[in-house]
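# Structural features, examined
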Amino acid sequence: MVETVTLSDGHTMPSIGLGVYLNEECAEACRVALQNGYRMIDGARYYENEVQVGVGVGKSGVKREDVFITSKVFHEDFTYDGTTAALKDSIANLGSCKSYLPNNLYGLQDSAIGGKDARLAAYRALLDGKANGMIKSVGVSNYSAKHIEEIREAGLDMPVVNQIELHPFCQQKPIVEYCRKNNIVVQAYSPLVRGAFDNQLIQELSTKYSKDPAQILVRWSLQRGFVPLPKSSQPERIISNGQVFGWEIEPTDMAKLDALDRGKEGAVTWNPVDVD
């Protein structure tokens, strides 16, 4: 049974999810994940696979109300009308599960393009979508404290989730601390460092705990209080990446992993949290 976390709006979210970035034919991956204990799929309009997510959920045999689906609007649609249209299109794309709210969480994908006014207009559209029953929760992705403070200063409800790149080499401590102080759950994308498992410490811990390197990285993320979103299209990897409960990394080893942090230099993706 996958553990859950409680969001500030009262809804619950699984503590781990399957990421489907760069997996245009992800229906099979979603089916495998859901049939092997996952209960969250993290997608985005930019990934161009929302239809596939809906198909995979339908084929899994898992009740839609038991599946937490996330999608995100891309910055190209950062206007009020553009975001509203994107949200409606996402619902249509996920048509195979339309008997239940298609998106549990819908967010703004990044803060890098468009500026403050565009971000706030798009965010208002998502809040109205929630008020109209189209989605359950509203979040953001790649937002710094500055970007989230824009939301607070505008008098709007705060996001319940901020999704950012997180792994031992890129721990983004300032934004993580800010989110924790403001009761915002932090989702970790690229928790597997895009497969860069050759670090000596990770290899040593893999041997010590009889777990593969990916499991060590996902477990580190869970013990740090993040919600990791490991990505794979390979059934065996999807299954093993989710086998991270019922055991723990010892505190001394967690400290060693924490010491791997390289700040911005440790990022493996384009990280726009510092843009204006």
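Everything below is about the structure shown above.
The structure contained in this document is the topic of the report that follows. Bear in mind that the values here come from a model prediction, so they are computed numbers and not experimental data.

The rules behind the values
- Every chain's residues receive numbers from 1 upward, in the order its sequence appears when written.
- The predicted origin of the model limits local features to residues at a pLDDT of at least 70 and limits the giving and counting of side-chain atom pairs to 80 or more, whereas totals for whole chains, interfaces and linings rest on all residues.
- Side-chain calculation: all heavy atoms of the structure are included, whereas hydrogens and water are not.
- Burial here depends on accessible area, computed with a 1.4 Å probe over protein chains only, as a share of the maximum for the residue type. Under 20% is buried, over 50% is exposed, and the range in between is partly exposed.
- By the criteria applied, helices consist of DSSP H or I runs no shorter than four residues and strands consist of E runs no shorter than two, each listed in order from the N terminus.
- When DSSP locates at least two bridges between a pair of strands, those strands are taken to pair.
- The path from the first strand over the helix to the second decides the hand: if it runs clockwise while the strands point away from the viewer, the crossover is right-handed.
- It is the directions from the helix axis to the C-beta atoms that the arc portrays.
- Contacts are assigned to residue pairs with any non-hydrogen atoms lying within 4.5 Å of each other.
- Between N-to-C directions, angles span 0 to 180 degrees; the directions come from axes that are lines fitted to C-alpha atoms, helices contributing only their stretch in contact.
- Any angle between 65 and 115 degrees counts as roughly perpendicular, while under 35 counts as roughly parallel, over 145 as roughly antiparallel, and the rest as oblique.
- In this count, Pro and Cys sit with the nonpolar residues alongside Ala, Val, Leu, Ile, Met, Phe, Trp and Tyr, while Asp, Glu, Lys and Arg are called charged and the others, Gly among them, polar.

### What to know about the pairing of strand β9 (residues 185-189)
Judged by how many residues are buried, β9 sits mostly within the fold: five of five residues are covered. The two faces of β9 match: Val185, Gln187 and Tyr189 on one face and Val186 and Ala188 on the other face are all buried. In terms of strand pairing, strand β8 (residues 161-165) meets β9 through five bridges, oriented parallel. Paired with Glu165 across the two strands is Tyr189, which belongs to β9. Regarding topology, helix α6 (residues 173-181) serves as the crossover connection from β8 to the parallel β9, and that connection is right-handed. Where β9 and strand β10 (residues 227-228) come together, two bridges link them in parallel fashion. Counterpart to Gln187 in the pairing with β10 is Val227.

### Focus: the pairing of β8
Put simply, side chains in a regular strand alternate between the two faces of the sheet. Among the five residues in β8, five count as buried, and that is most of the element. The two faces of β8 match: Val161, Gln163 and Glu165 on one face and Asn162 and Ile164 on the other face are all buried. The parallel pair strand β7 (residues 135-141) and β8, bridged by helix α5 (residues 145-153), forms a crossover whose chirality is right-handed.

### A short note on α5
When α5 is considered as a whole, its buried residues turn out to be His147, Ile148, Glu150 and Ile151. Buried positions in α5, seen along its axis, are confined to an arc of 140° and lie on one side of it. The inward-facing, buried residues of α5 abut α4 (115-131), β7, β8 and α6. Phi turns positive one or two residues past the end of α5, at Gly155, with a value near 80°.

### A look at the packing of α5 against α6
Between α5 and α6, the shortest axis-to-axis distance is 10 Å and the interhelical angle comes to 30°. Considered as vectors, α5 and α6 are oriented roughly parallel to each other. Facing Ala145, Ile148, Glu149 and Arg152 of α5, the residues of α6 in contact are Ile175, Tyr178 and Cys179. Tallied by class, residues from the contact of α5 with α6 come to five nonpolar, no polar and two charged.

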